[in-house]
Amino acid sequence: MDDIFIAQSSLFTEQQVTFLNNTLQSKGLVVAPEKIQRAAPWQYLGLTLTDTLVRPQKLHLWIWKRKVFGQHLAVQIVLRALSTNLHSKQPKKPLVMSFHGWTGTGKSFVSSIIAENLYQLNAWRRRFVHHFSTVLHFSHGSHVHLYKEQLQNWIRGNVSACPRSLFIFSEMDQMPHGLIDSILPFLSYRDEIDGVYYGKAIFIFLNNAGGDKITEIALDYWRRLKRREDIPVEELQDLLSKDIFRNPNSGFFQSQLIQKNLIDYFIPFLPLEYKHVKQCVREELRVQGRPDEEELITEIASAMADYPSEERLYSSKGCKTVASRVALST
Ligand SMILES: Nc1ncnc2c1ncn2[C@@H]1O[C@H](COP(=O)(O)OP(=O)(O)OP(=O)(O)O)[C@@H](O)[C@H]1O
Ligand SMILES: [Mg+2]
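The rules behind these values
- Residues numbered from 1 in each chain as written.
- Chains lettered and ligands numbered in written order.
- Predicted model: local features only at pLDDT ≥ 70, side-chain atom pairs only at ≥ 80, totals over all residues.
- UniProt positions renumbered as here; feature names shortened; annotations may be inferred.
- Axes fitted to C-alpha atoms, helices over the stretch in contact; angles between N-to-C directions.
- Helix = DSSP H or I, 4+ residues; strand = E, 2+ residues; numbered from the N terminus.
- Parallel < 35°, antiparallel > 145°, perpendicular 65-115°, else oblique.
- Left-handed = near helix turned anticlockwise from the far one by under 90°.
- Contact = placed C-beta atoms within 7 Å.
- Nonpolar A, V, L, I, M, F, W, Y, C, P; charged D, E, K, R; others polar.
- Expected span 1.5 Å × (residues − 1).
- Buried ≥ 20, exposed ≤ 12 C-beta atoms within 10 Å, placed from the backbone.
- Arc of directions from axis to C-beta.

As annotated in an unreviewed UniProt entry, the protein chain carries the name Torsin-1A and is attributed to Meleagris gallopavo. According to its UniProt record, the protein chain has this under Sequence similarities (unreviewed entry): "Belongs to the ClpA/ClpB family. Torsin subfamily." UniProt, in its Catalytic activity (unreviewed entry) section for the protein chain, records the words "ATP + H2O = ADP + phosphate + H(+)".

Next comes the structure, spelled out in structure tokens:
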């Protein structure tokens, strides 16, 4: 059964809570204590909504209620970056994060968790989240001039309607050379441009470029019997930004956004190990309403752990095909 939501305009009294608990218990239902909210919804959701404004007040850890496996570095940085930005009344510049890693490691997954957290995605608020798919929206290298203008107009129009807009660019590695630099003016340290303030906007880039570098470092740690949790994050971010800048297939090849340090965080998504794939399979079984089947979990995870060919430590597809493998196994 789905959750039951009970609310009223005034605070629930202790008697009312006891009455509800007793009544529900008599029907075999329970109220999870952590679900009882004694504050107004806009306070515990961390958002204040006005006509054109989404103003997050507090970022709670419930952002990670959905399980993200094996990405302690990414989770840590994203959480810190968001909470710093959201708590600032007048951020000096938009928050810009660039996610890097192999396919299926959770980049889109985490960006959708962020979007859900910020806007509690319902149809009305979904208009503050803008998703550009490079393959879909910027597919013709010869149209770069046109795309530049369209992109600038789109960002300008939407940020002037809602300062706290979220822009997600996926498949950055396929972005035509030079296109992304067209958004440079919006990411800079400025009060306003033509009367529009951009400091509250958030930009997220999703990129497979850099994935090999991240894997190389993670593997090196593993071979030296060190924990991946101990990989120094600053060093990794620095290596990533250099790698992306030099890579002609990263969307940021010789990009001014990097040269001018306008990307605040390069966020590494580590390759997923056998044990993380197992966690994904277990979670997928739960989502599909099926019991934990240890044999199946091991079978799928073993088949997916394929890199390097000798050690078979990581899944080169991350958890990407887990859902379909689980569905096929019925
Ligand atoms: N670290 C993770 N923790 C939990 N689930 C994950 C993780 N990584 C991937 N998944 C699962 O796999 C699915 C596919 O991952 P996702 O689309 O986020 O990969 P991606 O990194 O964006 O890949 P691509 O580079 O191909 O776009 C997710 O919807 C999620 O169900
Ligand atoms: Mg993706």
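**Q** Which residues make up the packing of helix α11 (residues 274-287) against helix α12 (residues 294-304), and what values go with them?
**A** One way to put it is that α11 packs onto α12 with a least axis distance of 9 Å and a crossing angle of 135°. Viewed along their axes, α11 and α12 adopt a mutual orientation that is oblique. You can see that α11 and α12 cross each other, and the crossing is right-handed. Touching Y274, V277, K278, V281 and R282 of α11 are I297, I300, A301 and M304, all from α12. Broken down by class, the residue content of the contact of α11 with α12 amounts to seven nonpolar, no polar and two charged.

**Q** Report on helix α9 (residues 233-246), specifying residues and quantitative values.
**A** Between its first and last C-alpha, α9 extends 20 Å over 14 residues, near the 20 Å set by a 1.5 Å rise per residue. The complete set of buried residues in α9 reads L236, L240, D243 and I244. Seen end-on, α9 carries its buried residues on one side only, within an arc spanning 95°. Summarising the geometry of α9, the exposed residues directed more than 90 degrees from the buried face are E234, E235, D238 and R246. Against β3 (95-101), α8 (211-223), α10 (256-259) and β7 (265-269) lie the buried residues of α9.

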